[in-house]
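Architecture and fold: a report
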Amino acid sequence: MTKRYQPINPKCTHMLHGGDYNPDQWIRTPEIWDEDMRLMTLSGCNAMSVCIFSWSALEPAEGAFEFGWLDTIMDKLAANNAYAVMATPSGSKPAWMSRAYPEICRVKGDGVRQPHGSRHNHCRTSPVYREKCVIINTKLAERYKEHPALLLWHASNEYNGGDCQCDLCLAAFHNWLRVRYDNDLDKLNHAYWSSFWSHSFPDWDYIIPTDRGIHALMLDWERFKTHQTIDFFNAETAPLRAITPDIPVTTNFMPGSDTLDYGAFAKAVDVISWDSYPNWHEHSDEIGEAVTTARMHDQCRAMKGGKPFMLMESVPSIPTRGRVKKRKEPGMNLLSSLQAVAHGSDTVQYFQWRKSRGCMEKFHGAVVDHEGSENTREFKEVADVGAALAKLDDVVGTTMQPEVALIQDWENEWALREGARVYLGENIKYRQEMNAHYRPFWQAGVPVDVVDQTAELDAYKLVVVPMAYMLRPGFAARLKAYVENGGTAVMTYWSAVVDESDLCHLGGIPGDGLRELFGVWEEESQSYLPGESVGIAMAKDNALGISGPYTAVDTCSVIHAEGSTVLASYASEYVEGQPALTVKTHGKGKAYYIAARTDGAFLNDFYAALARDEGLACCLAADIPEGVSVQTRSDGDRDYIFVMNFNREAKSIELGSPYVDVLTDQAVGATVTLERYGVMVLRKP
Ligand code: GLA
Ligand code: ZN
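Residues numbered from 1 in each chain as written. Chains lettered and ligands numbered in written order. Predicted model: local features only at pLDDT ≥ 70, side-chain atom pairs only at ≥ 80, totals over all residues. Heavy atoms only, no water.

**Quick notes on the overall build of the protein chain**
Across its full length, the protein chain carries 18 helices and 27 strands. The buried share among the 685 residues of the protein chain stands at 61%. For the protein chain, long-range pairs separated by at least 24 residues make up 72% of all intrachain contacts whose partners lie at least 6 apart in sequence. A total of about 25900 Å² of accessible surface is found on the protein chain, and carbon and sulfur atoms cover 51% of it. (Helix = DSSP H or I, 4+ residues; strand = E, 2+ residues; numbered from the N terminus. Buried < 20%, exposed > 50% of the residue type's maximum accessible area, 1.4 Å probe, protein only. Contact = heavy atoms within 4.5 Å. Areas by Shrake-Rupley, 256 points an atom, 1.4 Å probe, with all protein chains shown as cover.)

And the structure:
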């Protein structure tokens, strides 16, 4: 049963709209602050993220605090019917602190301490830094706990997994290892297979994370960094939770990055938020950019079981990323903003509200340009988003209940990077393969949860597991139980090769009991160069009813069918005649194994057949034009169907029954036409 969640903070029952706001850069010109308030109202902005990099304005010298400017801003926001998403300032440390306490600066693997500067680069272990964070965060919470504008805590900014190998961090790592290995060094040495190259560790403090040859050590170092980041987050947010228990806490994730396990981090925050920066218009496959973004939205919604998330940062026009810095074309800001909402975001926020006059981000897209007025295209397009969000109050708290799960797992990704690169070389392309398996569902308007290997699987009709090279403990058993209870699983080449220590499974792959579940033994795999391909021929009269022929690229595994049915075989190269696709049935359950990376139509046709068999369909129309996405949010009674055209040309869809477009309050005919980058939110009349 779909349900309706509470708003992020019940203080505000509207969609949030706003962005990173740095009034401390304009302390010398308070008239700009008044202008900001006027422009916020004009653009329909109601949520401003303050203090993200304000430490030197809040505490210009050790123990000397200045909150006057922030008091003024908070009062102005409240008077303007807007809210503050208040950050803790730990994302960037003040210069006096680095001078007084050098231990707060990170140390690189070569032992050299980084000089003060840049941002997001404090030591996560330093007790001094943690103490300083607790002091300033306590002051912020005490001062603003009753303030009507305080809506949400935004801890720090974009915590990352960057290395600090200072003595404090290494000692913390060694303690973490002792816990993980029950204080048993022999257990660690076995897990690390450290007799290889005579690398056995005689004591805990010999273990330093610089030896990329010990794959289990590199994996543990990644795990530790996630652990230590969450530990830091918990430490710095403890006063917020104690003093303002009703104010939710978030931190802006970067699911596009592979440096932290955000699936693990998700448990520590109250609401997921993330920073989305697609490079629109820079790819020959613009639709692919929409697909990548959609997958990450689905991941953020699924991290807390369907709870709406926040689009904490996006750019109204020109990002600092990208090769040639393309501006968003007209309409793209509304489309990409509502794409987030379509997948479960209850907010649209930007980096940044106003362009800074100097430094790194002075030209980065913003709601307010240096010109300063509401007359820019950027501002007007933000105001369009504001007007659209104002129509979507009823969507707040609604969610999605996908019946398809795509398993994307950070620990597995680390293992592919650290442990499998020696074996698989340049053809790993994990995220690219995620997109390939996600895209057929996106295109068909079938919603997907993107979850990691710790997810509960029972609620899904279909579980897709590409390239699960490393299995986390318990996943194989859950997948097995899921199929035996009637579920359908799809697994691909290179799965269940190693355990959580990157130790190869003995007895053939897929290991951990999955050889029997899928009825295949993957004996070897061959890699191919760009431009090379291998044919795939479907078996005559196969149960999927698809005919091909198809092509494989990058890699083909040689698999043996052991009690499974061969649905397709290779049609060329030395693998000719060997199985490429199999299925093994377990009562009502089915376990499909795809032995190769495919190109072109195969995954579309394959998943269309599975969707037909499982009764998975788009709620709107059978035929959705390519590049048009349909996503539905619901509270169980009423559906809100977002229809989004990512094409540069208009597209039409046959709806079959009458709808109303919530954005315009207009009835929609039997055929709707979406303009280039057009978007509609449909509901039944
Ligand atoms: C990140 C940061 C912001 C800003 C933007 C620029 O997302 O969180 O502070 O630097 O990038 O795109
Ligand atoms: Zn450190």
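**Digging into the coordination of the zinc ion (ligand 2)**
Expected angles at a metal are 109.5 degrees for tetrahedral coordination by four donors and either 90 or 180 degrees for octahedral coordination by six donors. Taken together, Cys123 (SG), Cys164 (SG), Cys166 (SG) and Cys169 (SG) make up the full set of protein donors to the zinc ion (ligand 2), lying 2.3 Å away. Bound by four donor atoms, the zinc ion (ligand 2) shows angles of 100 to 119° at the metal and therefore tetrahedral coordination geometry. Sequence positions of the donors to the zinc ion (ligand 2) reduce to the motif C-x40-C-x1-C-x2-C. Here Cys166 lies in the loop between β4 (150–154) and α6 (167–180) and Cys123 lies in the loop between α4 (95–100) and α5 (127–144), a separation of 43 residues in the sequence. The exposure class of Cys166 is buried, given its relative accessible area of 2%. (Donors = N, O, S within 2.8 Å, 3.2 Å for Na, K, Ca; no water. Tetrahedral: all angles 85-135°; square planar, octahedral: opposite > 155°, others 65-115°.)

**With respect to the sheet that holds strand β7 (residues 273–275)**
Taken together, the three strands give an open sheet; going across it, the order is β6-β7-β8, and neighbouring strands pair in parallel fashion. The open sheet has two edge strands, β6 (252–253) and β8 (310–313), and neither has a second partner. With two bridges joining them, β6 and β7 adopt parallel strand pairing. Within the sheet, the bridge partner assigned to Phe253 lies in β7 and is Trp274. (Pairing = 2+ DSSP bridges.)

**Remarks on the packing of aromatic side chains**
By the definition in use, this model includes 27 aromatic pairs. Both rings, one in Tyr129 and one in Phe232, keep their centres 6.1 Å apart while their planes meet at 15°; by these two values the pair is stacked. Within this pair, whereas Tyr129 is found in helix α5, its partner Phe232 is found in helix α8 (residues 215–243), the two being separated by 103 residues in sequence. Here the two residues Tyr129 and Phe232 agree in accessibility, since each one is buried. Measuring from centroid to centroid gives 5.4 Å for Tyr592 and Phe606, while their planes differ by 85°, and the two rings are edge-to-face. Remark: Phe606 occurs in helix α18 (residues 602–614) and Tyr592 occurs in strand β19 (residues 589–594); sequence separation between them is 14 residues. Phe606 sits in the buried class, given a relative accessible area of 0%. Clustering of aromatic rings is evident, with ring pairs tying together Trp55, Tyr129, Tyr159, Phe232, Phe233, Phe253, Tyr262, Phe265 and Trp410. One Lys or Arg, Arg321, reaches over the ring of Tyr277 and ends 4.1 Å from the middle of that ring. (Phe/Tyr/Trp six-rings, centres within 6.5 Å; stacked < 30°, edge-to-face > 60°. Lys NZ or Arg CZ within 6 Å of the ring centre and 35° of its normal.)

**A short note on helix α16 (residues 475–484)**
The complete set of buried residues in α16 reads Phe475, Ala476, Leu479, Tyr482 and Val483. Angularly, the buried residues of α16 cover 125° about the axis, an arc narrow enough to put them on a single face. Buried-residue contacts for α16 involve β10 (404–407), β12 (462–465), β13 (488–492), α17 (514–518), β18 (579–586) and β19. At the C-terminal side of α16, Gly486 shows a positive phi close to 110°. (Arc of directions from axis to C-beta.)

**Quick word on the sheet that holds strand β5 (residues 249–250)**
Spatial ordering of the open sheet is given by β5-β4-β3-β2-β1-β9, a layout of six strands whose pairing is parallel. Of all the strands in the sheet, the pair left with one neighbour each is β5 and β9 (347–350). For strand β2 (residues 47–50) and strand β3 (residues 83–87), the ladder comprises four bridges, and the chain directions are parallel. By the bridge assignment, Met48 is partnered in β3 with Ala84.

**Quick look at the site of ligand 1**
The immediate surroundings of ligand 1 are formed by Phe53, Arg119, Asn157, Glu158, Asp275, Tyr277, Glu313, Thr320, Arg321, Phe351, Glu361 and His364. Within the side chain of Asn157, an N or O atom sits 2.8 Å from an oxygen atom of ligand 1. At 2.6 Å, a side-chain N or O of Glu158 approaches an oxygen atom of ligand 1. Starting from 310 Å² of accessible surface for ligand 1 in isolation, the protein chains cover 99%. (Near = heavy atom within 4 Å. Polar contact = N/O pair within 3.5 Å; in protein donor to acceptor, adjacent residues only side chain to side chain.)

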